[in-house]
Amino acid sequence: MAAKLAIGRRVRPAATEVFARWTTPRCTRNIANRRSDVATFARRWILGVFHALARVATSKWRCPARLLAALIVVSIAPKTILAQRPDPQKASPAETRDPTANDPPPLELPLDGRDGRELLLRNFRPEQKLVVPQHPRHSAAMPVVDVHTHFHYRLRDSKEALDDFVGLMDRNNIAVCVSLDGKLGDQLEHHMRYLWTDYRDRFAIFANIDWQGNAPRDRPALWPCHRPGFAERTAAELEQAAKRGVSGLKLFKRFGLGYKNPDGTWMKIDDPRWDPIWAKCGELGLPIIIHTADPAAFFDPVDETNERWEELSRHPDWSFFGDQFPSRQELLDARNRVIKRHPETQFIGAHVANNPEDLKVVAEWLDEYPNLWIEPASRIAELGRQPFTARDFLIRYQDRLLFGTDGPWPETRVRLYWRFFETRDESFPYSEKVPPPQGMWQIYGVDLPDEVLRKLYFENASKLIPGIRQRLEK
């Protein structure tokens, strides 16, 4: 009897705690929620029954009602809990609902938008029903100097293509084009022969810096720009090029967004190593046209909110979103520090200083840096969707404007430039391409006054760029 009482004293508290815990409604809900397998469920209930019986066995037998109550609980509780446990054969409404019930119907091919089918964005070809006055232009209203063209990279040195484009220039009143493809070295020599053998009076040439030389692109430690004295050697080459008739220097966007240092970091636009080059251009009177960064949307995530999604879906390598690239603001700030550091050198901000999306900021730059000029090559798509703001801006800064197209382009696109600057036409395309290449929208003309057109088209260029006035006078 003493041994039984000792066992009872040890077992009774544990049995009471476990029995109480396993017979509460909360416990049964937890068991059901966990969906334990049958074997585990049975083992736990055997343990519960054992502790319950131990509780009864160690109690006083003077009250048979206690034994009867315990047996009733032990026999009924498992059935109660099992009743609360989910029946695998009777799933809940949420589980029986078809998970694909609200899904859209499967896509039917082709995705052309016809007969109720879905439409790919790149296949969207809306035919405008707007009826408004139209004033297409077949020629510029006065002689034009196009300061932003690429005759080496676009025509690939084809003599026939060059002859054809000179004919286009004649038809459209384009007096002079400035080709920006004269890389210092053999390419410059070849480009001079290509353009100047027959058409020296129609073409000026800007030089380019050969940062990489013949070294592999993935071995920047071997690039000539990282060897001592590179800037001084380049400055001397520019001086010789100027004596041979080169009119300026072009910096491509890879400078800041492509070229790297030997340690793998990005080459900085405002690195003091390059200062002798910019200073020499100021000394020689050679303007520097600089393409820095790219459209704002190219630095945003390529998702459903990106206004240039269609374009970036065709050219994914044009996206510069992510920490692996410098930020757009960082690039523009670095360029502006160079402009400020070299007030005697004239800089042309290509593509409206690559910020046509925010003309208020460009205006601030023009106010702060008197040696900054701008041109609209490949950006009438941006200017033309804000015609009132753009017109006010262009008139206000008429003495700092140059004309550019980023061509040579087909004649249809060239003539859209005349229509944009010379008319107040509404809702017309900015490109001959379908779909449009730089945003799914139409543009509106800004109808500039003649005095502004003269400065934009040729007067400012003849003041700024060596050799232009002489060509215009012939």
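Attention here is on the structure that accompanies the text. (Residues numbered from 1 in each chain as written. Predicted model: local features only at pLDDT ≥ 70, side-chain atom pairs only at ≥ 80, totals over all residues. Heavy atoms only, no water.)

Further remarks concern the overall build of the protein. The helix and strand tally for the protein stands at 20 helices and seven strands. Out of the 474 residues in the protein, the part that is buried amounts to 47%. Restricting the contact set of the protein to residue pairs at least 6 apart, pairs at least 24 apart contribute 75%. (Helix = DSSP H or I, 4+ residues; strand = E, 2+ residues; numbered from the N terminus. Buried < 20%, exposed > 50% of the residue type's maximum accessible area, 1.4 Å probe, protein only. Contact = heavy atoms within 4.5 Å.)

If you add up the space inside the largest pocket, you get close to 950 Å³. Along the wall of the largest pocket there are 33 residues; nearest its centre are Arg154, Lys253, His291, Trp318 and Asp406. For the lining of the largest pocket, the elements supplying multiple residues, two or more each, are helix H6 (151-155), helix H10 (254-257) and helix H12 (309-314). Roughly 420 Å³ of internal volume is contained in the second largest pocket. If you trace the second largest pocket, you find 16 residues lining it, with Pro126, Pro429, Val434, Pro436 and Gln442 closest to the centre. Of the residues assigned to the lining of the second largest pocket, the class counts are ten nonpolar, three polar and three charged. (1 Å grid on protein atoms, 1.4 Å probe; cavity = no way out; pocket = protein on both sides within 12 Å on 5 of 7 lines; lining within 4 Å. Points joined across faces, edges and corners; volume = space filled by probe spheres on them. Nonpolar A, V, L, I, M, F, W, Y, C, P; charged D, E, K, R; others polar.)

Turning to the nonpolar core, a few remarks are in order. Across soluble globular proteins, you tend to see nonpolar side chains buried next to one another. Core analysis: the biggest nonpolar cluster contains 110 residues, and Phe203, Trp211, Trp278, Phe421 and Tyr457 have the highest contact counts within it. Examining the composition of this core, we find that seven residues originate from one element, helix H19 (residues 450-464), more than from any other. Not counting chain neighbours up to four residues away, the residues in contact with phenylalanine 421 comprise Pro376, Ile380, Leu394, Phe403, Val446, Asp447, Leu448, Leu453, Leu456 and Tyr457. (Core = buried A, V, L, I, M, F, W, Y, C linked by side-chain atoms within 4.5 Å.)

Inspection of every chain in the model, using the stated rule, returns 22 aromatic pairs. Each ring, one from tryptophan 211 and one from phenylalanine 230, has its centre 5.8 Å from the other, and the planes form 35 degrees; the classification is tilted. You can see tryptophan 211 sitting in the loop between strand S3 (203-208) and helix H9 (230-243) and its partner phenylalanine 230 sitting in helix H9, a full 19 residues away along the chain. For tryptophan 211, a relative accessible area of 3% translates into the label buried. Centroid distance tryptophan 223 to tyrosine 259: 5.8 Å. Interplanar angle 90 degrees. Geometry classified as edge-to-face. Highlighted residues: tryptophan 223 in the loop between S3 and H9 and tyrosine 259 in the loop between H10 and helix H11 (275-284), separated in sequence by 36 residues. Accessibility expressed as a relative area gives 2% for tryptophan 223, which makes it buried. Through a chain of ring-to-ring contacts, three or more aromatic side chains come together here, namely Trp211, Trp223, Phe230, Phe255, Tyr259, Trp274 and Trp278. (Phe/Tyr/Trp six-rings, centres within 6.5 Å; stacked < 30°, edge-to-face > 60°.)

Once that is clear, we can look at the packing of H9 against H11. It is at 8 Å that the axes of H9 and H11 come closest, and there the two elements cross at 25 degrees. Accordingly, the angle class assigned to the pair H9 and H11 is roughly parallel. Of the two elements, H9 crosses H11, and the hand of that crossing is right-handed. Together, Phe230, Ala231, Glu232, Thr234, Ala235, Leu238, Glu239 and Ala242 of H9 and Pro276, Ile277, Lys280, Cys281 and Leu284 of H11 make up the contact between the two elements. Residue classes in the contact of H9 with H11 are distributed as nine nonpolar, one polar and three charged. (Axes fitted to C-alpha atoms, helices over the stretch in contact; angles between N-to-C directions. Parallel < 35°, antiparallel > 145°, perpendicular 65-115°, else oblique. Left-handed = near helix turned anticlockwise from the far one by under 90°.)

Three or more residues of helix H15 (residues 359-368) are buried, namely Leu359, Val362, Ala363, Trp365 and Leu366. The buried side chains of H15 occupy one side of the element, clustering within an arc of 160 degrees when seen end-on. Counted as exposed and oriented over 90 degrees from the buried face of H15: Lys360 and Asp367. Packed against the buried residues of H15 are helix H13 (328-341), helix H14 (350-353), strand S7 (372-374), helix H16 (380-383) and helix H17 (387-396). (Arc of directions from axis to C-beta.)

Here we come to a nonpolar patch on the surface. There is a patch of nonpolar side chains on the surface, built from Leu119, Leu121, Phe124, Val302, Trp309 and Met440 and spanning about 480 Å² of accessible area. With respect to the secondary-structure elements, methionine 440 resides in the loop between helix H18 (411-422) and H19. Assessed through its relative accessible area of 33%, methionine 440 is described here as partly exposed. (Patch = residues over 30% accessible without salt bridge, like charges linked within 9 Å, V, L, I, M, F, W, Y side chains within 5 Å. Areas by Shrake-Rupley, 256 points an atom, 1.4 Å probe, with all protein chains shown as cover. Salt bridge = Lys/Arg side-chain N within 4 Å of Asp/Glu carboxyl O.)

Angle between the axes and distance between the axes are the two parameters that describe a pair of packed helices. Here H18 crosses H19 at 150 degrees, and the two axes come no closer than 11 Å. Between H18, through Trp418, Phe421 and Glu422, and H19, the contact on the second element is made entirely by Leu453, Leu456 and Tyr457. For the contact of H18 with H19, a count of residues per class yields five nonpolar, no polar and one charged.

Glycine 407 connects to proline 408 through a cis peptide bond whose omega is 10 degrees. Inspection of the secondary structure assignment puts proline 408 in the loop between H17 and H18. Residue proline 435 is bonded to the preceding valine 434 through a cis peptide linkage, with omega at 0 degrees. In this structure, proline 435 sits in the loop between H18 and H19. Positive phi is not limited to glycine here, since serine 427 has a value of about 50 degrees. Mapped onto the elements of the fold, serine 427 is located in the loop between H18 and H19.

A complete count under the given rule lists 30 salt bridges for this structure. One salt bridge connects arginine 328 with glutamate 357, and the closest N-O pair in it is separated by 3.4 Å. Taken together, the residues span a long stretch of sequence, with arginine 328 in helix H13 and glutamate 357 in the loop between H14 and H15 at a distance of 29 residues. Of the residues examined, arginine 328 reaches a relative accessible area of 13% and is grouped as buried. Shared partners join several salt bridges into a network, and the residues in it are Glu307, Arg308, Glu311, Glu382 and Arg385.

Moving on, we come to the side chain of glutamate 311. Along the chain, glutamate 311 turns up in helix H12. Within the structure, the side chain of glutamate 311 is placed 2.5 Å from the side chain of arginine 308, a separation counted as a polar contact. (Polar contact = N/O pair within 3.5 Å; in protein donor to acceptor, adjacent residues only side chain to side chain.)

The subject of this paragraph is the sheet that holds strand S5 (residues 288-290). Taken in spatial order, the seven strands of this open sheet run S1-S2-S3-S4-S5-S6-S7, and their pairing is parallel. A single partner strand is all that each edge strand has here, and the edge strands are strand S1 (144-149) and S7. When strand polarity is set aside, the average angle formed by the axes of neighbouring strands in this sheet is 30 degrees. As judged from the three bridges shared by strand S4 (residues 248-251) and S5, these two strands associate in the parallel manner. Directly across from leucine 251, in S5, lies its bridge partner isoleucine 290. Here H11 sits on the sheet in contact with S4 and S5, set at roughly 145 degrees to S4. Relative to the sheet, H19 contacts S1, strand S6 (347-349) and S7, its axis offset from that of S1 by approximately 65 degrees. (Pairing = 2+ DSSP bridges.)

Functional significance is not addressed by these values, which are geometric in nature.
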